[in-house]
Amino acid sequence: MKGSRGVVAAALAVALVALVVYPVFGTGYGVRSTLQVFMWIALAGSWNLISGLTGYVSFGHVAFYGAGAYTGAILVTSAGWSWPVAALAGGAAAGVLALLIGYPCLRLKGPYFAIAMLGLNEVLRALVSYFEGLTGGGNGLSLPTADVTRPIYYVMGLLALAVTAGTYLIITSRFGLRLMTIREDEIAAEAMGIDTFHHKLVAFLLSAVGPGIAGALTARDQGYIEPISVFPLAITVTMIVMVLFGGKGTVWGPVMGAVALFVIQELVWAHYPYVHPLLFGAIIVAVVLLMPRGVLGLLQLKYRLPRTI
Amino acid sequence: MTVLVVEGLRKSFGGVIAVSGVSFALEAGRIHGLIGPNGSGKTTLFNCITGLERRDAGRVVFKGERIDHLKPYQIANRGVGRTFQVIRVFPELTALENLLVVTRGPRAAAERRGRELLEFVKLERLAGEYAGNLSYGQQKLVEFVRVLMTDPTLILLDEPAAGVNRTLLNDLLAAVTRLRDEGRTILLVEHDMKVVMGLCETVFVLDHGEMIAEGPPGLIQADERVIEAYFGR
């Protein structure tokens with residue numbers, strides 16, 4: 001066990017160094033794709049914090065991504081903030097939104113919460129379209145041109161790292177165990193003295209900040225956002241599929257799911273653009289039917305591995 | 001000294017009156033039994049005391065403080081622990097994690113205490129096993145020691161003997177006695193009359209949501225209303 005740990009640590013260190021030096025010699029396409037993988041790791045990992053651990057499935061997590069994107073974009077265009085600070089503000093805005101939404105919605109039990117979150121996303125999209133003066137409405141919002149893909153590559157990489165490391169810290173703590181008791185048996189958790197509502201709210205807050213930052217970074221990188229580009233249900237669905245595929249409630253499941261599905265998606269997209277949505281649907285069905293715990297969840301149970309895989 | 005006072009407690013579900021104006025008091029450092037036929041309101045009474053069900057009327061006072069408006073976790077944190085009739089361990093947490101998760105304060109001390117308690121119920125070898133993989137009896141023991149991790153003043157046990165084999169049962173009963181000797185108060189629902197009569201110092205009898213008798217086991221066994229409730233006229 002000790003030896004394999006060393007191997008894993010060494011492999012991670014090598015991967016980290018490779019990712020740090022990659023932009024120096026990588027192609028534009030390669031850097032951009034890797035940046036997107038970082039974003040998906042951050043999104044999937046964040047969704048895992050609330051839905052993988054507490055079992056409260058959020059069908060509207062892209063709302064935080066979109067809120068972060070608009071906050072960041074508006075601060076850059078209207079207030080002239082620098083993009084890194086605007087990105088942090090995007091995360092903060094998403095966090096505040098999570099508290100406002102979570103306070104009433106996390107009192108709902110599982111399925112009702114999922115539906116409420118679906119509604120939240122639609123409401124935000126409508127609001128953004130309505131307040132044209134601030135958001136540009138349906139015309140979208142253009143940011144001043146700037147080539148910042150490489151710095152954003154690093155910041156997004158740090159975000160993915162922070163979400164993954166944060167997940168590790170949470171899962172190995174008693175706070176994380178308490179979050180899991182909500183998924184396992186919320187009534188027993190309450191009866192054992194666990195303030196489940198408060199725990200859910202904190203998890204929800206933590207799960208919103210990452211997507212908020214990712215949204216603001218993506219807005220800056222792409223230079224243009226509009227309601228349909230930052231509030232699509234497809235982003236939420238992708239996060240969910242990535243986590244389910246990799247293994248919900250684990251540390252590396254979201255990372256694995258994000259990398260695997262991104263690569264599959266790119267390959268299929270390039271070769272068979274029309275079957276792409278079909279493939280995603282097929283993966284969802286296959287995962288749910290054949291391995292509801294995902295790849296790592298399956299290995300974890302079979303080989304009695306810790307959740308920290 | 002009384003630890004818990006219940007006054008005029010009432011709870012109905014739709015047209016079904018589960019508990020209808022029940023009053024009783026629990027004495028500190030004693031083992032109390034709660035018996036009654038199926039559907040007499042025992043579990044509902046437990047749920048109302050622990051806040052899992054909201055009472056319709058009446059008062060629940062624990063150590064001088066009204067707790068009937070509190071949330072379950074607040075009641076638990078004031079020192080009321082319970083087990084469930086249908087086991088409610090956290091299946092995808094290990095046996096040890098099931099105990100750790102209810103603790104606060106230094107983790108190392110909590111782990112030590114958790115391992116001690118697992119050893120006490122002879123489950124130390126299974127500390128790292130997912131609770132869901134344990135047998136029914138083992139899960140029952142995990143649930144039992146999980147309550148102890150919270151260091152409760154009052155412990156409500158819902159059918160602790162059901163489905164537990166004889167040897168294990170004797171250990172369990174010895175443990176309950178020891179908890180009493182430590183000064184804790186116990187209220188247990190049990191269908192096994194041998195257990196109730198051998199262990200309890202005071203027995204309460206519920207029938208159709210009403211408290212029909214209360215007293216030492218010897219008197220309860222001879223009480224006509226109790227015999228009638230159980231065996232009919």
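Criteria and cut-off values
- Residues numbered from 1 in each chain as written.
- Chains lettered and ligands numbered in written order.
- Predicted model: local features only at pLDDT ≥ 70, side-chain atom pairs only at ≥ 80, totals over all residues.
- Pairing = 2+ DSSP bridges.
- Helix = DSSP H or I, 4+ residues; strand = E, 2+ residues; numbered from the N terminus.
- Core = buried A, V, L, I, M, F, W, Y, C linked by C-beta atoms within 7 Å.
- Buried ≥ 20, exposed ≤ 12 C-beta atoms within 10 Å, placed from the backbone.
- Contact = placed C-beta atoms within 7 Å.
- Axes fitted to C-alpha atoms, helices over the stretch in contact; angles between N-to-C directions.
- Left-handed = near helix turned anticlockwise from the far one by under 90°.
- Nonpolar A, V, L, I, M, F, W, Y, C, P; charged D, E, K, R; others polar.
- pLDDT = per-residue confidence, 0-100.

## Some thoughts on the sheet that holds strand β5 (residues 65-66) of chain B
All names here are of chain B.
- Spatial strand order, β2-β1-β4-β5: 4 strands in an open sheet with antiparallel pairing. The open sheet has two edge strands, β2 (16-27) and β5, and neither has a second partner.
- As paired elements, strand β1 (residues 2-13) and strand β4 (residues 57-62) share 5 bridges and run antiparallel to each other. Paired with L4 across the strands is F62, a residue of β4.

## Overview of the nonpolar core
- Judged by nonpolar contacts, the single largest core of 156 residues is most densely connected at I41, A42 and M156 of chain A together with V145 of chain B.
- With 13 residues, the top contributor of residues to this core is helix α2 (residues 28-54) of chain A.
- With residues up to four places along the chain from it excluded, the contact list for V145 of chain B reads L99, L117, L118, F120 and V121 of chain B.

## Some points on the packing of helix α4 (residues 107-120) of chain B against helix α5 (residues 136-149) of chain B
Residues and elements named next belong to chain B.
- Remark: α4 packs on α5, axes separated minimally by 10 Å, with the N-to-C direction vectors making an angle of 140°. Classified by chirality, the crossing of α5 by α4 is right-handed. Across from R113, G114, L117, L118 and F120 in α4, the residues of α5 making contact are V145, L148 and M149.

## Observations regarding the interface of chain A and chain B
- Taken together, the 15 residues of chain A in the interface contact 20 residues of chain B.
- In the side of chain A that touches chain B, the residues fall into 7 nonpolar, 2 polar and 6 charged.

## Details of the confidence of the model for chain B
- With 99% of its residues at a pLDDT of 70 or more, chain B has an overall mean of 91.
- The complex model carries a pTM of 0.92, and its ipTM stands at 0.91.

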